[in-house]
Amino acid sequence: MTRFLPVPDYHMHTPRCNHAKGTIDEYAQAAVDAGLTEIGMSDHSPMPNGFDKAWRMDESELDSFLEELEAAQQKFKGKLLIKAALEVDYYEGAEAYIQYLAAYYDWDYLMGSVHFIGDWGFDNPDEVSQFEHCDIEQAYIDYFRLVELSAASGLFDSIGHPDLIKKFGHRAPTGSVAVLEAENKMLQAVKQADVALEISSAGLRKPVKEIYPHVGMVERAVALGIPFVYGSDAHAPAEVGHAMQTCLQLLHQFGAVEVACFHKRQRKMFSFVEQV
Ligand SMILES: [Zn+2]
Ligand SMILES: [Zn+2]
């Protein structure tokens with residue numbers, strides 16, 4: 001029989017982003033209780049010029065974030081590895097600031113995520129009505145183009161929830177060749193830049209009720225040899241490790257037997273499959 005070992009959960013938030021709850025200790029304890037041996041704290045990073053200010057930590061909070069993180073690392077030593085990370089928004093023009101963030105601390109990994117197409121925060125519940133007034137096929141193409149650029153920027157170790165555009169269940173026309181091409185260009189950029197993709201259970205908790213990325217994209221990414229990390233995108237301690245086995249099953253179904261972990265921005269692969 002094949003069993004899947006617990007893997008790191010590399011996506012979780014703290015109240016500094018103004019839309020999550022729980023201390024780092026509480027996330028860590030939840031991880032230990034769920035049988036995990038490694039997590040990554042990856043709160044929404046500061047961004048320049050007031051970008052999406054309400055939904056992320058302020059730059060002035062970075063030091064307290066790191067202090068709380070280092071204290072938790074000490075407290076859970078020997079029980080749980082807690083990696084220092086950020087979920088950084090990617091948009092064109094943010095590159096210099098992201099380099100500044102990268103140099104700010106000895107991070108274990110930086111995850112790049114696209115939450116905006118231009119000034120449209122397409123995953124924000126307050127802005128969901130814009131799907132009614134836009135060309136959804138074009139939105140998908142624009143979204144994957146930005147994810148492609150985020151990978152090609154070389155600024156990130158992993159790419160968060162790589163088809164987030166589907167969050168509220170709005171779908172590009174079935175069989176759209178243009179969307180498939182945009183997805184494939186994105187995957188090529190990910191492969192080229194040697195970046196990992198996140199397989200995220202968060203979509204299962206959203207209206208789309210589906211893992212990010214969708215099954216076809218997982219299949220193509222595995223075939224290309226693109227490494228994966230797992231993330232729950234927990235915004236509360238109870239969500240840590242959510243649907244990990246379901247995500248691993250999906251990877252395994254297409255032949256993947258390893259996921260990535262990061263230490264000081266160096267990637268290592270390890271097997272999550274155990275024969276019992
Ligand atoms: Zn969030
Ligand atoms: Zn995100």
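Our subject is the structure listed above.
S.K.: What is the right way to look at the overall build of the protein in this model?
M.R.: When its secondary structure is counted, the protein shows seven helices and 10 strands. For 276 residues, the compact-globule formula gives about 19 Å, and the C-alpha radius of gyration of the protein, at 18 Å, lands near that figure. Seen through its principal axes, the protein has C-alpha atoms that stretch 50 × 50 × 30 Å. Buried positions account for 54% of the 276 residues belonging to the protein. By sequence separation, contacts in the protein at least 24 residues apart represent 76% of the contacts at least 6 residues apart. On the protein, roughly 11700 Å² of surface is accessible, and the fraction owed to carbon and sulfur atoms is 51%. A distance of 5 Å separates the average location of the 23 positive side-chain charges in the protein from that of its 41 negative side-chain charges.

S.K.: What am I meant to see in the pattern of salt bridges here?
M.R.: All chains considered together, the criterion is met by 17 salt bridges. With a closest N to O distance of 3.0 Å, lysine 166 and aspartate 163 form a salt bridge. For the pair lysine 166 and aspartate 163, one class covers both residues: buried. Close ionic contact of lysine 166 with glutamate 210 constitutes a salt bridge, the shortest N to O distance being 2.6 Å.

S.K.: Just to check I follow, could you spell out the pairing of strand β3 (residues 81-89) for this structure?
M.R.: Consecutive side chains along a regular strand alternate between the two faces of the sheet. For β3, the buried fraction is high: eight of the nine residues fall into the buried class. The pairing of strand β2 (residues 38-44) with β3 spans seven bridges and is classified as parallel. When the bridges of β3 are listed, glutamate 38 appears paired with leucine 81. Taken together, β2, helix α2 (residues 62-75) and β3 constitute a β-α-β crossover, and its handedness is right-handed. As defined by bridge partners, β3 adjoins strand β4 (residues 109-113) across five bridges and the pair is classed as parallel. Bridged to glutamate 87 within β4 is methionine 111. Once the chain exits β3 it traverses helix α3 (residues 95-104) before rejoining the sheet at β4, and the crossover so formed is right-handed.

S.K.: Where do I start with the coordination of the zinc ion (ligand 2) in this structure?
M.R.: Around a metal, the ideal angle is 109.5 degrees if four donors adopt a tetrahedral arrangement and 90 or 180 degrees if six donors adopt an octahedral arrangement. Bound to the zinc ion (ligand 2) are the protein donor atoms Glu87 (OE), His115 (NE2) and His161 (NE2), situated 2.1 to 2.2 Å from the metal. Counting along the primary sequence, the residues that act as donors to the zinc ion (ligand 2) give the motif E-x27-H-x45-H. The distance between the zinc ion (ligand 2) and the zinc ion (ligand 1) comes to 5.4 Å. Taken as a pair, histidine 115 in the loop between β4 and α4 (136-152) and histidine 161 in the loop between β5 (158-159) and α5 (177-193) lie far apart in primary sequence, 46 residues in all. Comparing histidine 115 with histidine 161, the two get one shared label, buried.

S.K.: Could you clarify how one ought to interpret the sheet that holds strand β7 (residues 228-231) in this entry?
M.R.: Sheet strands associate in pairs through backbone hydrogen bonding, adopting either a parallel or an antiparallel arrangement. Spatially, the six strands line up as an open sheet ordered β2-β3-β4-β5-β6-β7, and their pairing is parallel. Either end of the sheet is taken by a strand with one partner, and the two such strands are β2 and β7. With four bridges connecting them, strand β6 (residues 196-200) and β7 associate as parallel partners. Within the sheet, the bridge partner assigned to leucine 197 lies in β7 and is phenylalanine 228.

About the thresholds
- Within every chain, residues take consecutive numbers counted from 1 along the sequence as written.
- Each chain gets a letter, beginning with A, and each ligand a number, beginning with 1, in the order they are written.
- For a predicted model such as this one, the threshold for reporting local features is a pLDDT of at least 70, and the threshold for listing and counting side-chain atom pairs is 80 or more; totals across whole chains, interfaces and linings nevertheless cover every residue.
- Note that the side-chain values use all heavy atoms of the structure and ignore hydrogens as well as water.
- Only DSSP runs of H or I reaching four residues or more are called helices, and only runs of E reaching two or more are called strands; each is numbered from the N terminus.
- Both definitions apply: the radius of gyration is a C-alpha atom measure, and the globule rule equals 2.2 Å times residues to the power 0.38.
- A simple rule labels every residue: compare its accessible area, found with a 1.4 Å probe on the protein chains alone, to the largest value its type can have, and call it buried under 20%, exposed over 50%, or partly exposed in between.
- Should any heavy atoms of two residues lie within 4.5 Å, those residues are considered in contact.
- For accessible areas, the Shrake-Rupley method is used with a probe of radius 1.4 Å. Any residue's cover is judged against the shown protein chains and nothing else.
- For the purpose of charge, His is not counted, nor are the chain termini; Lys and Arg are scored as positive and Asp and Glu as negative.
- Where a charge lies is defined by one atom per residue type, namely NZ (Lys), CZ (Arg), CG (Asp) and CD (Glu).
- Here, a salt bridge means any Lys or Arg side-chain nitrogen found within 4 Å of an Asp or Glu carboxyl oxygen.
- Two strands form a pair only when DSSP identifies at least two bridges running between them.
- Here the term right-handed applies to a crossover when the path leading from its first strand over the helix to its second strand runs clockwise, the strands being oriented away from the viewer.
- Atoms are scored as donors when they are N, O or S and lie within 2.8 Å of the metal, with 3.2 Å used for Na, K and Ca; no water is included, so coordination may look incomplete.

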